[in-house]
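Single-letter residue listing:
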Amino acid sequence: MDLVPVRSGSTGQRFFRIRPVSPAVLVGATVLIVAVQAVSAQVSQALRVVPLVRVDKLLVSIELREGFTPDVRAAIHSGLETTFTYTVDLRLDVAGWIDRTMGQSVITNTVDYTNLTRKYQLERRIDGRLDHTQVSEDEAEVRQWLTTMEKLPIFSTSLLERNREYYVRVSASARPSHGSMLWPFGSGTSGQAKFTFIR
């Protein structure tokens, strides 16, 4: 609605009358809100995060959906070393205050394709330390290597306080060695999941 100036005939004074907003404007605003919510939901579902406490470790599973795009595939097959980087933050959920970061880990999954042998050299590093390496000829295995990690023992439960709410936030980005971005996510994407530490 908006305000329309009206002049009184008897006193000459001006006052304002509220004019209702047309149904077309209301419908347009509603459609815009729904569209924004739909885009937000799509972005949040792009990166799936699942934390799991087992004995003395916090295990984190990560799935990046639709991260292996045609551009990523083309970059790999052109011989460019391609790396997916996942920054994992463990945070304490503090009501009414700034959430506290309890730990951070950086995971890099790298693929280097050799056209001569038609083989992929796969490497995973956690905080700069070599975690695993292997050679593959299967592109489906490469896709999974870059975008999916199951139950990685990233954090120790010694960082956690009993009966407190925590969440794991993961930010992901992709970059070939020459520095150009390949994703539909722009500079990157992120996702998070909450859990309660009970002992």
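Above this text is the structure in question.
This report concerns the structure included in the present document. (Residues numbered from 1 in each chain as written. Predicted model: local features only at pLDDT ≥ 70, side-chain atom pairs only at ≥ 80, totals over all residues. Heavy atoms only, no water.)

Within the protein, the secondary structure is distributed over three helices and eleven strands. Sequence-ordered secondary structure for the protein, helices as α and strands as β, is β-β-α-β-β-α-β-β-β-β-α-β-β-β. The buried share of the protein, reckoned over its 199 residues, is 32%. By element, 53% of the accessible surface of the protein is carried by carbon and sulfur atoms, the whole surface being about 12,300 Å². (Helix = DSSP H or I, 4+ residues; strand = E, 2+ residues; numbered from the N terminus. Buried < 20%, exposed > 50% of the residue type's maximum accessible area, 1.4 Å probe, protein only. Areas by Shrake-Rupley, 256 points an atom, 1.4 Å probe, with all protein chains shown as cover.)

Turning our eyes to something else, we now look at the sheet that holds strand β11 (residues 189-197). As summarised here, the arrangement of the six strands in space is β8-β7-β6-β5-β10-β11, forming an open sheet in which the pairing is antiparallel. Edge strands, defined here as strands with exactly one partner in the open sheet, are β8 (129-136) and β11. The sheet shows a mean angle of 15° between the axes of neighbouring strands, taken without regard to direction. Where strand β10 (residues 164-176) lies against β11, nine bridges are found, and the strand directions are antiparallel. (Pairing = 2+ DSSP bridges. Axes fitted to C-alpha atoms, helices over the stretch in contact; angles between N-to-C directions.)

Summarising burial for strand β5 (residues 82-92): eight of the eleven residues are buried, a large majority. Bridging between β5 and strand β6 (residues 100-114) involves eleven bridges; their strand directions are antiparallel. Paired with T82 across the bridge in β6 is V111. By the bridge criterion, eleven bridges tie β5 to β10 in an arrangement that is antiparallel. Bridge pairing links L92 to Y166 in β10.

Once that is clear, we can look at the pattern of salt bridges. What the rule picks out here adds up to nine salt bridges. The salt bridge partner of E63 is R65, with a shortest N-O separation of 3.9 Å. Owing to a relative accessible area of 27%, E63 belongs among the partly exposed residues under this scheme. Of the residues examined, R65 reaches a relative accessible area of 36% and is grouped as partly exposed. Between E123 and R125 there is a salt bridge, and its shortest N-O distance comes to 3.0 Å. For E123, a relative accessible area of 27% gives the class partly exposed. Relative accessible area serves as the criterion here: at 29%, R125 is assigned to the partly exposed category. Within the structure, one salt-bridge network assembled from shared partners comprises R48, E63 and R65. (Salt bridge = Lys/Arg side-chain N within 4 Å of Asp/Glu carboxyl O.)

Time to look at the packing of aromatic side chains. Under the defined criterion, the tally for this structure stands at two aromatic pairs. Ring geometry for Y113 and Y120: centres 4.7 Å apart, planes at 40°, overall tilted. The two residues Y113 and Y120 agree in class, both being buried. With a centroid separation of 5.7 Å and 20° between ring planes, the pair formed by Y166 and F195 is classed as stacked. Linking Y166 in strand β10 with F195 in strand β11, this pair joins segments that are 29 residues apart in sequence. The exposure class of Y166 is buried, given its relative accessible area of 0%. When the ring centre of W145 is taken as origin, the NZ or CZ atom of R124, which lies over that ring, is 4.4 Å away. (Phe/Tyr/Trp six-rings, centres within 6.5 Å; stacked < 30°, edge-to-face > 60°. Lys NZ or Arg CZ within 6 Å of the ring centre and 35° of its normal.)

Let us look at the sheet that holds strand β3 (residues 47-54). Sheet architecture is open: three strands sit in the order β3-β4-β9, paired in antiparallel fashion. Each of the sheet's edge strands pairs with one partner strand only, and the pair in question is β3 and β9 (148-156). Each neighbouring strand pair of the sheet contributes to a mean axis angle of 25°, computed without reference to strand direction. Inspection of the sheet shows strand β4 (residues 57-64) paired to β9 by six bridges, in the antiparallel sense. Residue pairing in the sheet places E63 in a bridge with T148 of β9. Against the sheet, helix α3 (residues 139-147) touches β4 and β9, its axis set at about 30° to β9. (Contact = heavy atoms within 4.5 Å.)

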